[in-house]
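Analysis of the macromolecular model
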Amino acid sequence: MPFTHKLSRRLSLLRDAMLFVAVASVSACTDGSPLGNEFGPSAGTDSPANPSQIVGMLATSDNPTVEPEQSTRLRVVAIRADGLRQPVEAEWEAIDGGELRDTVVDGKTFTNFRAKEPGDYRLVSFDRGKKFRDTTRVTVPQGNSVSIAKLYLVPAVVSLVAGQGQQFFVYGTTAAGDSVPLVASLNSAEGGVASGLHYTAGTTPGSYQVIASRHGGPETDTALVSIQAADTPPASAPTTDEPAPTDPISDPVPTDPAPYQPPTTEPSTGRAPELPRVYLDTRFVAPTGRTIVVPAGGSLQEALNAAARGDVVELAAGATYTGNFVLPQKSGTGWVTIRTATALPPEGTRITPQAAASFAKIRTPNAMPAIRTAAGGGASYYRLMGLDVGSTATMTYALMHIGDYDNTATSVDMLPTHIYLDRMYVHGAGTQGIQRCIVLNSRHSAVVDSWLAECRIKGFDSQAIVGWNGPGPFKIVNNRLEGAGENLMFGGADPRILNLTPSDIEIRRNHIIKPLEWKASGAWTVKNLFELKNAMRVLIEDNVLENNWTDAQTGFAVVLKTQNQSGRCDWCITADITWRHNKIINSPGGFNIMPNQAGQTGEYGLPMERISITETVLEDVGLKTQPGTQRMFQLLGNVSDLVIAHNTGFGENVILMFDGAPGSEFVFKNNLLTRGQYGIFGSGKGEGKSALAYYAPTATVAGNVLVGAPPTLYPAGNYFPTGTLAVGMTNYAGGDYSLLSTSPYATAGTDGSTPGADVAELRQRLEGVK
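This report concerns the structure included in the present document. In every chain, residue numbers begin from 1 and rise along the written sequence. At least 70 in pLDDT is required for a residue's local features to be given in this predicted model, at least 80 for side-chain atom pairs to be given and counted, and no such filter applies to totals for whole chains, interfaces and linings, which use all residues. Only hydrogens and water are set aside when side-chain values are computed; all heavy atoms of the structure are taken into account.

Another aspect to go through is the nonpolar core. A general feature of soluble globular proteins is that nonpolar side chains tend to end up buried together. Buried Ala, Val, Leu, Ile, Met, Phe, Trp, Tyr and Cys residues that are joined via side-chain atoms within 4.5 Å together make up what is termed a nonpolar core. Three exposure classes are used, based on accessible area relative to the maximum for each residue type with a 1.4 Å probe and protein chains only: buried under 20%, partly exposed in between, and exposed over 50%. Within the largest apolar cluster, 89 residues are counted, with the highest numbers of intra-cluster contacts made by Val-313, Leu-384, Ile-438, Leu-452, Phe-530 and Phe-658. Only DSSP runs of H or I reaching four residues or more are called helices, and only runs of E reaching two or more are called strands; each is numbered from the N terminus. At 4 residues, strand S31 (residues 433-441) tops the list of elements feeding residues into this core.

Here you go:
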């Protein structure tokens, strides 16, 4: 597991140690069963009475991207309570048009889909009783003659058991590094069988290669598939030893601008969230054209108008350019690069205000953006590097607006694409009201290695980055993001383009923070650190989220919801969210999950589904000294396939609060949390099993260490140490427990193990190791 922070590693090792000891020395509080198995319920855990009970559905398409009039087979399986999958009779509905057609082969009926026109088509499957549903998508890209330099097949490495299926995805890149959709299929499927990009593992264990080829082109790519016998759990993907990374709080973190290839994660049960299908390659591409020098006092807009793709617009170091500058439409190939004539830190290095001191300064004199894109899809292929963007006005709506500023776009083709903001300093100052530092309503756009600060206003929501009317993909990596309302948000306003949902979003290695001086002043309206209202296929990984407090909301650091904000977005949905390896510091609450919240007109979007929250360290979250919610997790309704696992926190009030409609398909396992005052609590139902029986009757709740919780109130298969933890280490391999053994509060364990330590003292001492 790639831990980013020393504290998260310490707490995870502590959690593992307590799980180990719980089996040996706390079994009197449980039924003495072994720890839960990652690949399904173990003996002794509370499971549904009927393991074969259907709890969900999984829909896929053999070819997620097809040519006009090309058919692709649709598949659907039922998910059982024991995690296994089985065939199911289903009905299909094509929400966005296209044609569904059933064919019979060898007595079996298969459903196929095709469409004549380019577009993104949603296909919904229902079981015959219409109790369960799932959605898959098929894209028909615009026809073009773009030359493809490389084809990528993802995931690149996957582990399967015999008979298990895997849906692959492909995308292409041009010689300039631009990502483009393309149509491909698996033409070689060792060890199994393939249909389009869908692979089914055979029965012979071993390591195999599958090869994808582009339709009508020579490009190929290879993925590695490991197949194991059906009676053994899949092996994890190969890993490599790597040095401990730098803490992003104290140092700008070097990152790799190449496309990210995340490790695959096996679902604990049910359906795992789908990861982003596209990861942007933000590596600098050397310009091929001329350099247009804009001296101090020169006309930046004239230079922007004159530049062709491939050119560099170079601004004088330290000079100030005042105006509302527009990135015009361009034809041709290559990128327009806009930068300061000064040396920049290496790619992958987060900028700081000190490093930006020599940057050219671009200032808006009014409420309008300092930089925005022109209307139309041709305002594309711009790379802005090493610029200081701000305002001299009392209030500015957005310092940079990348997208449909004039609200005239009626399709995604009319939105700008390929806008990369690299090593930028974008900020407010003094008592200015800056509602948004950057608006991302575009396609294929990135903010990397940048510093966004003082993005705040009173009486309105404000953000460092926000997007609601751009389809993505987006890359937000290795930035400092300061925002008063929501530091980072997707959704919050209804898209003006029909059926648009921001998708394929990569959010990694950012420091998402509200400066504490904002709390002292009370000058700005504060809500949360991260919020999603309409987003799909989002990866949030290796981030630090720091400082939140009660103001315009009750203090949750993270808010996940589906919301049809103004009643014009009945397709809005939050789905396929992968949250892992993050750290939340100093907040009254952790996660507030609202599956389908009515908007301002009382209209709803689509139900939330496939959410995974894992490997989170919650430091100083949910303490009694923090006014506000004091809840680590809150679930207000049913989320289809919600997993909360391997999280660590020492709250003092509520672990998990239930309210709203009861649900199912919920996994809560292998967490290390203190009970506080109420533990797992259901509104009107009380604590523990009574809350779970009503709000999550088929949930898997196992393998958790719930410090101070009454064992009789909770399901078997969990562990309940009291205030003093006997942390046995004699037979535990691989852990670094030198910190624990030096505690002055340590007392000898009755089992002859290494001494344990008081929870409060452990927390205080561990927090000093960052």
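Having seen the model, we can carry on.
Most of strand S44 (residues 574-580) is tucked away, with 7 of its 7 residues classed as buried. One bridge is not enough; two strands pair if DSSP finds at least two bridges between them. When strand S41 (residues 535-541) meets S44, the two strands line up parallel, connected through 6 bridges. Each bridged residue has a counterpart across the sheet, and for Leu-539 the counterpart in S44 is Thr-578. Of the pairings in the sheet, the one linking S44 to strand S47 (residues 609-614) comprises 5 bridges and is parallel in character. Paired with Ile-577 across the two strands is Ile-611, which belongs to S47.

This brings us to the sheet that holds strand S4 (residues 90-94). Overall, antiparallel pairing links the 3 strands, which are arranged S4-S7-S8 in an open sheet. Edge positions in the sheet fall to S4 and strand S8 (133-140), since each has one partner strand and no second. For this sheet the average axis-to-axis angle between neighbouring strands, irrespective of direction, equals 25 degrees. Where S4 meets strand S7 (residues 119-127), 5 bridges bridge the pair, whose relative direction is antiparallel. Within S7, the position partnered with Ala-94 by the bridge is Leu-123. Axis definition: a line fitted to C-alpha atoms, over the contacting stretch in the case of helices. Angles run 0 to 180 degrees between N-to-C directions.

Looking now at the sheet that holds strand S11 (residues 165-167). Ordered in space as S11-S16-S15, the 3 strands form an open sheet in which the pairing is antiparallel. Only two strands of the sheet have a single neighbouring strand rather than two, namely S11 and strand S15 (192-195). The average angle at which neighbouring strand axes cross in this sheet is 20 degrees, direction not considered.

It is worth spelling out the packing of aromatic side chains at this point. Stacked, edge-to-face and tilted are the three classes for Phe, Tyr and Trp ring pairs, Trp counted by its six-membered ring, which pair at centre distances within 6.5 Å; planes under 30 degrees apart are stacked, over 60 edge-to-face, the rest tilted. Scanning the entire structure with this criterion turns up 14 aromatic pairs. Aromatic pair Phe-530 and Trp-579: ring centres 5.9 Å apart, planes at 65 degrees, arrangement edge-to-face. Placement of Phe-530 in strand S40 (residues 528-532) and of Trp-579 in strand S44 is noted, with a sequence separation of 49 residues between them. Trp-579 matches Phe-530 in its accessibility class, with the two residues each being buried. Pairing Tyr-714 with Phe-720 gives two aromatic rings, centres 6.0 Å apart and planes at 40 degrees, and the pair type is tilted. Through successive ring pairs, a cluster of aromatic residues spans Phe-530, Trp-579, Phe-591, Phe-633, Phe-658, Phe-666, Phe-668, Tyr-694 and Tyr-695. The ring centre of Tyr-381 lies 3.8 Å from the NZ or CZ of Arg-309, which sits over that ring. Looking at Lys-685, its charged tip hangs above the ring of Tyr-694, at a distance of 4.4 Å from the centre. Each ring is checked for a lysine NZ or an arginine CZ that lies within 6 Å of its centre and within 35 degrees of its normal; such an atom marks a charge sitting over the ring.

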